Each structure stands twice: as C-alpha cells, then as structure tokens.
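Now for the letters of each chain:
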Amino acid sequence: AYTDLAGYDFDQSRKGPASIEEDIRAAKTPEAKLAIEKKLIPVLTSADSPYAAKQFVCRKLMVMGTAACVPALAEKLSDKKLSHMARYALERIQAPEAAAALRRAADFDPPPPPWALAWLSALVERELGQLDTAISTLEALADTRFAAARKRGFDFSRDYRMLNELGRTLFE
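Here the structure is a predicted model, which means the values were calculated and not measured. Here the residue numbering is sequential within each chain, running from 1 through the sequence in written order. This being a predicted model, a pLDDT of at least 70 is required before a residue's local features are given, and a value of 80 or more before pairs of side-chain atoms are given or counted; all residues contribute to the totals for chains, interfaces and linings. No hydrogens and no water enter the side-chain calculation; it runs on all heavy atoms of the structure.

1. Considerations on helix 4 (residues 51-64)
Numbering of helices and strands starts at the N terminus; helices are DSSP runs of H or I of at least 4 residues and strands are runs of E of at least 2. Expected span, for any helix, means 1.5 Å times one less than how many residues it has. In this model helix 4 runs 20 Å from its N-terminal to its C-terminal C-alpha over 14 residues, within 8% of the 20 Å that 1.5 Å per residue would give. Between buried and exposed lies partly exposed: a residue is buried under 20% and exposed over 50% of the maximum accessible area for its type, with that area taken using a 1.4 Å probe on protein chains only. Most of helix 4 sits inside the fold, with 11 of its 14 residues counted as buried. When helix 4 is considered as a whole, its buried residues turn out to be Ala52, Ala53, Lys54, Gln55, Phe56, Val57, Cys58, Lys60, Leu61, Met62 and Met64. Two residues qualify as a contact provided that any one of their heavy atoms is within 4.5 Å of a heavy atom in the partner residue. Where helix 4 is buried, its residues contact helix 1 (2-5), helix 2 (15-26), helix 3 (30-45), helix 5 (70-75) and helix 6 (83-92).

2. Overview of the packing of aromatic side chains
Describing an aromatic ring pair means giving the distance of the ring centres and the angle of the ring planes. Pairing of aromatic side chains here covers Phe, Tyr and the six-membered ring of Trp, requires ring centres within 6.5 Å, and sorts the geometry by plane angle: under 30 degrees stacked, over 60 edge-to-face, intermediate tilted. Throughout the structure, instances matching the rule amount to 4 aromatic pairs. When the ring of Trp115 is compared with that of Phe156, the centres are 6.4 Å apart and the planes differ by 40°; the resulting orientation is tilted. You can see Trp115 sitting in helix 8 (residues 114-127) and its partner Phe156 sitting in the loop between helix 10 (147-151) and helix 11 (160-171), a full 41 residues away along the chain. The burial state of Trp115 is the same as that of Phe156; both residues are buried. Consider the rings of Phe154 and Phe156, whose centres lie 5.8 Å apart with planes at 45°: the pair is tilted. Judged by its relative accessible area of 32%, Phe154 is partly exposed. An aromatic cluster is built from Trp115, Phe154 and Phe156, whose rings are joined through pairwise contacts. Working rule: Lys NZ or Arg CZ, within 6 Å of ring centre, within 35 degrees of ring normal, means a charge sits over the ring. Over the face of the ring belonging to Tyr2 we find Lys39, whose NZ or CZ atom lies 4.7 Å from the ring centre. Here Lys81 stacks its cationic end above the ring of Tyr51, 5.5 Å away from the centre of that ring.

3. Quick notes on the packing of helix 3 against helix 4
How two helices sit against one another is set out by the angle between their axes and by the gap between those axes. The contact between helix 3 and helix 4 brings their axes to 9 Å, and the two run at 150°. Considered as vectors, helix 3 and helix 4 are oriented roughly antiparallel to each other. Crossing angle aside, the handedness with which helix 3 passes helix 4 is left-handed. Along the contact surface, helix 3 presents Lys33, Ile36, Glu37, Leu40, Val43 and Leu44, while helix 4 presents Ala53, Lys54, Val57, Cys58, Lys60, Leu61 and Met64. For this scheme, ten residues count as nonpolar: Ala, Val, Leu, Ile, Met, Phe, Trp, Tyr, Cys and Pro. Four count as charged, namely Asp, Glu, Lys and Arg, and the remainder, Gly too, count as polar. Residue composition of the contact of helix 3 with helix 4, by class: 9 nonpolar, no polar and 4 charged. Here, axes are lines fitted to C-alpha atoms. For helices the fit covers the stretch in contact, and angles between N-to-C directions go from 0 to 180 degrees. In this scheme, roughly parallel covers angles under 35 degrees and roughly antiparallel covers those over 145, while 65 to 115 is roughly perpendicular and the rest are oblique. Throughout, a crossing is termed right-handed when the near helix is turned clockwise from the far one, and left-handed when it is turned anticlockwise from it by less than a right angle.

Structure representation (structure tokens):
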C-alpha cells in the first residue's frame, strides 16, 4: 500500500489509503507510529507523487506526525497547492521544530497572512507549554493588530474559537 501511495490520485480506488489508515489506527506504540511516518515522508518529498497522495500524507501526519516529519512538511510551506495542508499538519505536531518551521514561513514569497501565521504559531506554542508567548500572540489577534487584516475588515475579537483558545491558555 505504501509503494502504491506514491502514485495515488483522486480518481483511483481508496483501497491503498484505507489500508494505511487502518495501519495507523492499529499502531499503538510510538515506535510503530514512527515506522509508518517514515514510510509516508518519501511520498511527500517525491517530485513524482501526485497532489492527492501528498495531501493524504499531510492529513495523516496531522494526526500522527512527530518532529521526524517537520523538515518534509516545512519544505511544502512554500508550495502553493500544499502550503495550507502543511501548515495544518505542523500546527498539530507537538515539537519545537514545528513551531520554528511555522515562524520561518513568514519569510516566504509571498508570505502567508500574518494573522494566519500568528494563529497557528500560538496553537503550537500553547501545546508546547510556552504559554506566555501563546497568550501574547492570541492577544495580538484579539486586538486585530495586523494592519492588512483591519484593512480587509477582519475583527478577530469576534472570533469565538480564537477567544476560547485565549481563555483556555490564560486559564492554564
């Protein structure tokens, strides 16, 4: 299933991806999960893998990825098609390398919206226990301290998910 995944596309049977999903559900130890992760990373880094295969890998790394996959995901932050999927996966990985990769994404051309980067960085920092940094970032979001966001009419002080996250982080 893992070798076939490198050629998987949306118009094909999901039998191979479903088999990998079953492997992930059955993996109970960190070692077993890491073994699967190491089989998924080459699909993400291969120039020949279709978008569908890479998107599938990002989705799986979102739920079971470790610091081992951060370099491969970080590489996709500059990919127009996969940057959002890579960001979502990095957001969920509880490793300092993931937070650092998200911060480095600000230097890309074009950079992601600063408020999106702030949101994802705050979530990772909170999970890593860097509560003061997460609080400061979430407060910047609540105050909509991003000129481009204000210009576009965004008011993050009305975003209940962000406010809940800020409250939860303050409580911790």
